[in-house]
Amino acid sequence: MENQPARPSAPTNLRPPDLDQLDERILWELMRDAQITNAALAARLHVSPSTTHARVRALKEAGVIRSSHVSVDYAALGLDVQGIVYVRLRAQARPQIKAYARKVIRLPNVLSVTFMGGEVDFLIHVACTGTAQLRDFVAEELSMDPAVASTHTNIVFEHLTGLEHLGGGGFAAMRGEA
């Protein structure tokens, strides 16, 4: 095999402006189906498998691709009720915001935690076996925390992530570009 010059590693400070159209198309397709094979990804984008493989590896090394996810049907697992719990912390607990988020994300039933600006500090998405478990979870795990000033819970009737329904517009459409 012929000696080839070493390829420079992907920069660790890759930012969106450094991404080209192919990188964005790769990301878009992976968001739609993180389990797509490299060969299928290459075929869908009309490039060689070695190109998609190298690009995906560089995107991972740069931290643009942080992980891959599986979409789970929680009802199929007996978790028939999802809720969104809005949490407001006490003013005196503001220095504990990050610690509170790290604590809550580890609680059973918590699917995601979103730190927000405005009147509410956190939006917490949970999955439970029913409304009684949801009520108990909010009352015992969230509302009883001394850092919490108040909670407000809404039942989720349907949860569409957007990723399942991505159209063909790509990131350019999301940015409002032609």
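Remember, it's a predicted structure, so these values are computed and weren't measured experimentally. (Residues numbered from 1 in each chain as written. Predicted model: local features only at pLDDT ≥ 70, side-chain atom pairs only at ≥ 80, totals over all residues. Heavy atoms only, no water.)

A. Inspection of the nonpolar core at higher detail. In terms of nonpolar packing, the biggest core is built from 20 residues, with Val-87, Leu-89, Tyr-100, Ile-124, Val-126 and Leu-142 touching the most fellow members. For this core, the secondary structure elements donating two or more residues are β1 (81–89), α4 (97–105), β3 (122–128) and α5 (131–143). Setting aside anything within four residues of it in sequence, one finds Leu-89 in contact with Arg-94, Ile-97, Tyr-100, Asp-121, Phe-122, Ala-147, Val-148 and Ala-149. Among the nonpolar cores identified, the runner-up in size contains 13 residues, and Leu-19, Trp-28, Leu-30 and Leu-41 belong to it. (Core = buried A, V, L, I, M, F, W, Y, C linked by side-chain atoms within 4.5 Å. Buried < 20%, exposed > 50% of the residue type's maximum accessible area, 1.4 Å probe, protein only. Helix = DSSP H or I, 4+ residues; strand = E, 2+ residues; numbered from the N terminus. Contact = heavy atoms within 4.5 Å.)

B. Structural context of the packing of aromatic side chains. Within this structure, the stated rule accounts for two aromatic pairs. Taken together, a centroid distance of 5.3 Å and an interplanar angle of 45° make the contact between Tyr-100 and Phe-122 tilted. Highlighted residues: Tyr-100 in helix α4 and Phe-122 in strand β3, separated in sequence by 22 residues. For Tyr-100, a relative accessible area of 4% puts it in the buried group. Using a relative accessible area of 1% as the deciding quantity, one classes Phe-122 as buried. Note on Phe-115 and Phe-122: the rings are 5.4 Å apart at their centroids and 35° apart in plane angle, and the pair reads as tilted. (Phe/Tyr/Trp six-rings, centres within 6.5 Å; stacked < 30°, edge-to-face > 60°.)

C. A look at the environment of His-125. The topology assignment puts His-125 in strand β3. Judged by relative accessible area, which is 7%, His-125 ranks as buried. Taking the C-alpha atoms as reference points, His-125 and Thr-153, separated by 28 residues in sequence, lie 9.8 Å from one another. Here His-125 is in contact with Gln-82, Gly-83, Ile-84, Asn-109, Val-110, Leu-111, Ser-112 and His-159, once residues within four sequence places are set aside.

D. Layout of the side chain of Glu-24. The residue Glu-24 is located in helix α1 (residues 21–32) in this model. The exposure class of Glu-24 is buried, given its relative accessible area of 15%. Contacts of Glu-24, omitting those with residues within four sequence positions, involve Leu-19, Phe-171, Ala-172 and Arg-175.

E. Quick look at α1. For α1, with twelve residues, the first-to-last C-alpha span of 17 Å sits near the 16 Å given by 1.5 Å per residue. Looking at the buried positions of α1, the neighbouring elements they touch are α2 (38–45), α3 (49–61) and α6 (170–174). Between a side-chain oxygen at the N-terminus of α1 and the backbone nitrogen of Leu-22 the separation is 3.1 Å; the capping residue is Asp-20. (Expected span 1.5 Å × (residues − 1). Polar contact = N/O pair within 3.5 Å; in protein donor to acceptor, adjacent residues only side chain to side chain.)

F. Up close: the environment of Ile-36. Relative to the assigned elements, Ile-36 resides in the loop between α1 and α2. Here Ile-36 falls in the buried class, since its relative accessible area comes to 14%. If we skip the residues at most four places from it in the chain, Ile-36 touches Leu-30, Leu-41 and Arg-44.

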